[in-house]
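Residues per chain, in single letters:
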Amino acid sequence: MRIARFTTKGGEPQFGVVMGDLDGYGQLSEDATVVALQGDPLFSGVNITDQVHKFEDVKLLAPVIPRSKVVAVARNYAKHAAELGNEVPAEPLFFIKPNTAVCGPGDTIQRPSNVEDLHFEGELAIVIGRICRDVPEAKVKDVIYGMTVANDVTARDVQRRLKHFSQAKGYDTFCPLGPWIETDVEPEQLAAGVRIQTFLNGDVVQDGSTKDLVHDIPKLIAHISSVMTLLPGDVILTGTPEGVGPMEPGDEIEIFVEGLGALTNKVAQR
């Protein structure tokens, strides 16, 4: 099931189920629709209404605004760690992005005036579905609500200068999420390999697979939840494959995750 958050012209944000076939490029069929839900399905379940919208008539928003945090995992693909001259961490290395960094499909990634080297990082993201702590790896499936696509936007020059992650990755609009939450993806599928691609102005710049994760999804959730309580709607970014690089105002970034869809954003000067 694809859970989206959307608006219609003049309407308030609401949730819905996206109906329609998804092709191998993450594009929906022309007859796709969005069936509106009553309330937030993370907290009230999937309560379908009789409101049906043509997909072309809605504006998609970030499918979730974390009430608590975005937890992002660094250096979780060996070749990405190597391309930046870093060692692969023995245990998951993570940092926090504020929920104010989140934006949605089609929203503009804004490059701040003090940033010169702005990078894309295409990633698979996990949405947590229930409050949890100290989750055993064998029980991780029970706390996952679904998965979506993310761009862990990074001010690389700030990161090099300050030697830490929070400011470099925490600016407003530095965490695009979308286009929806897919609730039917299993952790076992990710272990077998799900393709992640990033396109810069139509050209492939990242092409990886989740089978190359250094620390897999069960280990990530078990480790992070041993440090901090995870709340419904919290998002975990699982790391980026090799091929990260700069993007400039005017560029368009599309991130495609097999089976989940494509997330597209343009870049502008703030």
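Residues numbered from 1 in each chain as written. Predicted model: local features only at pLDDT ≥ 70, side-chain atom pairs only at ≥ 80, totals over all residues. Heavy atoms only, no water.

Engineer: Where do I start with the overall build of the protein chain in this structure?
Structural biologist: Of regular secondary structure, the protein chain possesses 6 helices and 20 strands. In terms of overall size, the protein chain behaves like a compact globule, its C-alpha atoms giving a radius of gyration of 18 Å where 270 residues would be expected to give roughly 18 Å. Projecting the C-alpha coordinates of the protein chain onto the three principal axes gives extents of approximately 55 × 45 × 30 Å. Counting all 270 residues of the protein chain, 54% fall into the buried class. Pairs at least 24 apart in sequence give 71% of the contacts found in the protein chain among residues at least 6 apart. Of the accessible surface of the protein chain, which amounts to about 11,800 Å², a share of 48% is contributed by carbon and sulfur atoms. (Helix = DSSP H or I, 4+ residues; strand = E, 2+ residues; numbered from the N terminus. Rg over C-alpha atoms; globule rule 2.2 N^0.38 Å. Buried < 20%, exposed > 50% of the residue type's maximum accessible area, 1.4 Å probe, protein only. Contact = heavy atoms within 4.5 Å. Areas by Shrake-Rupley, 256 points an atom, 1.4 Å probe, with all protein chains shown as cover.)

Engineer: Help me understand the sheet that holds strand S15 (residues 195–200) in this model?
Structural biologist: Reading across the sheet, the 5 strands line up as S9-S20-S19-S15-S16 and stay open at both edges, with mixed pairing between neighbours. Edge positions in the sheet fall to strand S9 (108–111) and strand S16 (203–209), since each has one partner strand and no second. Strand-to-strand, the axes of this sheet are offset by a mean angle of 20°, without reference to chain direction. The sheet contact formed by S15 and S16 spans 6 bridges and is antiparallel. Looking at S16, one finds that Ile196 is bridged to Gly208. (Pairing = 2+ DSSP bridges. Axes fitted to C-alpha atoms, helices over the stretch in contact; angles between N-to-C directions.)

Engineer: Looking at this structure, how should I read helix H6 (residues 217–227)?
Structural biologist: An α-helical turn contains 3.6 residues, so any two residues separated by three or four positions project in the same direction. Taking burial as the measure, the 11 residues of H6 include 8 buried ones, the bulk of the element. The distance from a side-chain oxygen at the start of H6 to the backbone nitrogen of Lys219 is 3.0 Å, and the residue carrying that oxygen is Asp216. (Polar contact = N/O pair within 3.5 Å; in protein donor to acceptor, adjacent residues only side chain to side chain.)

Engineer: I keep staring at the packing of aromatic side chains and nothing clicks. Help me out?
Structural biologist: The geometry of an aromatic ring pair is captured by two quantities: the separation of the ring centres and the angle between the planes. Inspection of the entire model under this criterion finds 3 aromatic pairs. With a centroid separation of 6.3 Å and 70° between ring planes, the pair formed by Phe55 and Trp180 is classed as edge-to-face. Here Phe55 is found in the loop between strand S4 (48–54) and strand S5 (59–61), whereas its partner Trp180 is found in strand S14 (residues 175–182), with 125 residues between them in sequence. The exposure class assigned to Phe55 is partly exposed, which follows from its relative accessible area of 24%. (Phe/Tyr/Trp six-rings, centres within 6.5 Å; stacked < 30°, edge-to-face > 60°.)

Engineer: Would you mind going over the sheet that holds strand S10 (residues 118–120) with me for this structure?
Structural biologist: Within a beta sheet, neighbouring strands are joined by backbone hydrogen bonds and run either parallel or antiparallel to one another. Strand order in the open sheet made by the 3 strands is S13-S10-S18, with antiparallel pairing throughout. In the strand order of this sheet, the two ends are held by strand S13 (154–155) and strand S18 (245–246), each with one partner. Pairing between S10 and S13: 2 bridges, direction antiparallel. Counted as the bridge partner of Leu118 is Ala155 from S13.

Engineer: Mind showing me how you'd approach the environment of Arg156 here?
Structural biologist: Its place among the elements puts Arg156 in helix H3 (residues 156–162). Every residue in contact with Arg156, bar those within four places of it in the chain, is listed here: Leu84, Asp117, His119, Glu121 and Val244.

Engineer: I tried to follow the environment of Pro246 on my own but got confused; where do I start?
Structural biologist: Residue position: Pro246 is located in strand S18. In this structure Pro246 comes out as partly exposed when scored by relative accessible area, which is 45%.

Engineer: Even after reading the chapter, I still don't get a nonpolar patch on the surface, so can you show me in this structure?
Structural biologist: A contiguous nonpolar surface patch, about 260 Å² in accessible area, is contributed by Met1, Val46 and Ile48. Along the chain, Val46 turns up in the loop between helix H1 (41–44) and S4. Residue Val46 is classed as partly exposed on the basis of its relative accessible area of 37%. (Patch = residues over 30% accessible without salt bridge, like charges linked within 9 Å, V, L, I, M, F, W, Y side chains within 5 Å. Salt bridge = Lys/Arg side-chain N within 4 Å of Asp/Glu carboxyl O.)

Engineer: How do you make sense of the side chain of His53 when you look at a structure like this?
Structural biologist: Inspection of the secondary structure assignment puts His53 in strand S4. His53 sits in the buried class, given a relative accessible area of 17%. In contact with His53, not counting residues within four places along its chain, are Phe6, Thr8, Gln14, Thr33, Val34 and Val58.

Engineer: Please explain the pattern of salt bridges as it appears in this structure.
Structural biologist: Note that side chains of opposite charge can pair when their charged atoms are close. Within this structure, the stated rule accounts for 11 salt bridges. A salt bridge links Arg111 to Glu248; its shortest N-O distance comes to 2.9 Å. Linking Arg111 in strand S9 with Glu248 in the loop between S18 and strand S19 (252–257), this pair joins segments that are 137 residues apart in sequence. You can call Arg111 buried: its relative accessible area is 14%. Using a relative accessible area of 38% as the deciding quantity, one classes Glu248 as partly exposed. With a shortest N-O distance of 2.9 Å, Lys169 and Asp152 are connected by a salt bridge. In this pair, Lys169 sits in helix H4 (residues 166–170) while Asp152 sits in the loop between strand S12 (144–151) and S13, placing the two residues 17 residues apart along the sequence. Note on Asp152: relative accessible area 1%, which makes it buried.

This is a description of form; function is not addressed.
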